[in-house]
Amino acid sequence: MANALGELTVEGVRHSYDSGKLKVPVLFDISLHIKAGEFVALCGSSGSGKTSLLNLLAGLTKPDEGRIWVSGHEISRMNENKLCIFRRNYLGFVFQSFNLLPTLTAVENVELPLVFSGEKKRNRRKRAIEMLEQVGLGDRIHHKPNELSGGQQQRVSIARALVNKPNIVLADEPTGNLDSVTEQEILQLMRSINREHGTTFVIVTHDDEVAKQSDRIIFLKDGRIVDEQQQAR
């Protein structure tokens, strides 16, 4: 099966994790398809399997059974070296806890993916500044994380996720640490990037307000997809 850039397909996936000598199943017979340019929310209560599914889509864990294609690549059969290169070239990540390095400025944090991909210093500084300007932080490029608000830190993490121009952004509770006003600002920012650049977004959330902003909601319960809801746009 070949996917276009920005598409994701999961076929018959099961997954478990090790707990001592026991294997604890967390996902059962998961199959889904996400089209390029979609803005999709994975919803469910704690323990439903939504973050486990996101980790599989990122190639951070491997399925016990089944296959996963992301942007035309079958990541479920890649070794770790190939997965590292794949993630660098095709995926961006946004986390609830921002995951910014506290000793680096905003622009230095955004530059990091470009450092790992071997971009020349002049080019990576230029691209990092452009991304920070795009997310509304052109006047904060030399501020460190502790000099920024929570919403500003999340904007930096979004700029970092996008600086390598990924086809797909995977976000785990990206507004979980933000107040309701800032949450809406971050959602609108991600939505505008999705619409302007056609970037696929897959967002794990338990927040109804976040889910309502998506094109489609995929509901998980006890490790299974139990429902889908297409949003009117």
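Preceding block: the structure.
All of these numbers come straight from a predicted model, not from anything done at the bench.

(A) Representation of the sheet that holds strand β7 (residues 168-172). Read across the open sheet, the six strands follow the order β6-β7-β8-β3-β9-β10; overall the sheet is mixed. Of all strands in the sheet, those bounded by a partner on one side alone are β6 (91-95) and β10 (224-230). Going from strand to strand, the sheet's axes swing by 20° on average, the running direction of each strand aside. As judged from the four bridges shared by strand β3 (residues 39-43) and strand β9 (residues 216-221), these two strands associate in the parallel manner. Looking at β9, one finds that Val-40 is bridged to Arg-216. Here helix α5 (residues 150-162) sits on the sheet in contact with β6 and β7, set at roughly 165° to β6. Against the sheet, helix α6 (residues 180-197) contacts β3 and β8 (200-205), and its axis sits at roughly 155° relative to β8.

(B) Representation of the sheet that holds strand β2 (residues 22-34). Across the sheet, which stays open at both edges, the four strands sit in the order β2-β1-β4-β5 with antiparallel pairing between neighbours. Each edge of the open sheet carries a strand with a single partner, namely β2 and β5 (73-74). Pairing of strand β1 (residues 8-19) with strand β4 (residues 65-70), which is carried by five bridges, proceeds in the antiparallel orientation. Paired with Arg-14 across the two strands is Glu-65, which belongs to β4.

(C) Focus on the nonpolar core. One finds Val-110, Leu-132, Val-135, Val-156, Ile-158 and Met-190 to be the most contacted residues of the largest nonpolar core, which totals 32 residues. Broken down by secondary-structure element, the contributors of at least two residues to this core are α3 (106-116), α4 (121-134), α5, β7, α6 and β8. Beyond its immediate stretch of four places on either side in the chain, Val-156 contacts Leu-100, Ala-106, Asn-109, Val-110, Leu-132, Leu-137 and Leu-148. Within the second largest apolar cluster, 28 residues are counted, among which are Ile-34, Leu-42, Ala-58 and Val-204.

(D) Representation of the pairing of β8 within the structure. Taking burial as the measure, the six residues of β8 include six buried ones, the bulk of the element. Going residue by residue along β8, you find Thr-200, Val-202 and Val-204 tucked away on one face and Phe-201, Ile-203 and Thr-205 tucked away on the opposite face as well. Here β3 runs beside β8; their pairing, made up of five bridges, is parallel. In the strand pairing of β8, Ala-41 is matched with Ile-203. Note that β7 and β8 share five bridges and pair parallel. From the neighbouring strand, Ile-168 faces β8, where its bridge partner is Thr-200. In this region the chain leaves β7, passes through α6 and returns to the parallel neighbour β8; the handedness of that crossover is right-handed.

(E) Quick peek at α6. Spanning 18 residues, α6 covers 26 Å between terminal C-alpha atoms, matching the ideal 26 Å at 1.5 Å per step. Listed in full, the buried residues belonging to α6 are Thr-182, Glu-183, Ile-186, Leu-187, Leu-189, Met-190, Arg-191, Ile-193 and Asn-194. The N-terminus of α6 is capped by Asp-179, whose side-chain oxygen sits 3.1 Å from the backbone nitrogen of Val-181. Phi turns positive one or two residues past the end of α6, at Gly-198, with a value near 70°.

(F) Quick peek at the side chain of Ser-157. Looking at the element boundaries, Ser-157 is found in helix α5. Not counting chain neighbours up to four residues away, the residues in contact with Ser-157 comprise Phe-93, Val-94, Phe-98 and Leu-100.

The rules we used
- Going along each chain's sequence as written, the residues are numbered from 1 onward.
- Only residues with pLDDT of at least 70 are given local features in this predicted model, and only at 80 or more are side-chain atom pairs given and counted; all residues enter the totals for whole chains, interfaces and linings.
- The side-chain values count all of the structure's non-hydrogen atoms but skip hydrogen atoms and water molecules.
- Two strands make a pair as long as DSSP finds a minimum of two bridges between them.
- Secondary structure elements are taken from DSSP: a helix is a run of H or I of four residues or more, a strand is a run of E of two residues or more, and numbering for both begins at the N terminus.
- Helix axes use the C-alpha atoms of the stretch in contact, all axes being lines fitted to C-alpha atoms, and the angles between their N-to-C directions lie in the range 0 to 180 degrees.
- Note on contacts: a residue pair qualifies if any of its non-hydrogen atoms lie within 4.5 Å across the two residues.
- Side-chain atoms within 4.5 Å are what join buried Ala, Val, Leu, Ile, Met, Phe, Trp, Tyr and Cys residues into a set we call a nonpolar core.
- Working definition: with a 1.4 Å probe on protein chains only, accessible area under 20% of the residue-type maximum means buried, over 50% means exposed, and in between means partly exposed.
- Seen with the strands pointing away from the viewer, any crossover whose path from the first strand over the helix to the second strand runs clockwise is right-handed.
- Take the residue count of a helix, subtract one, and multiply by 1.5 Å to get its expected span.
- Between N or O atoms, a polar contact is any pair within 3.5 Å; within protein, one atom must be a potential hydrogen donor and the other a potential acceptor, and residues adjacent in sequence are included only when both atoms are from side chains.

From the geometry alone we can't say anything about function, so treat these as descriptive.
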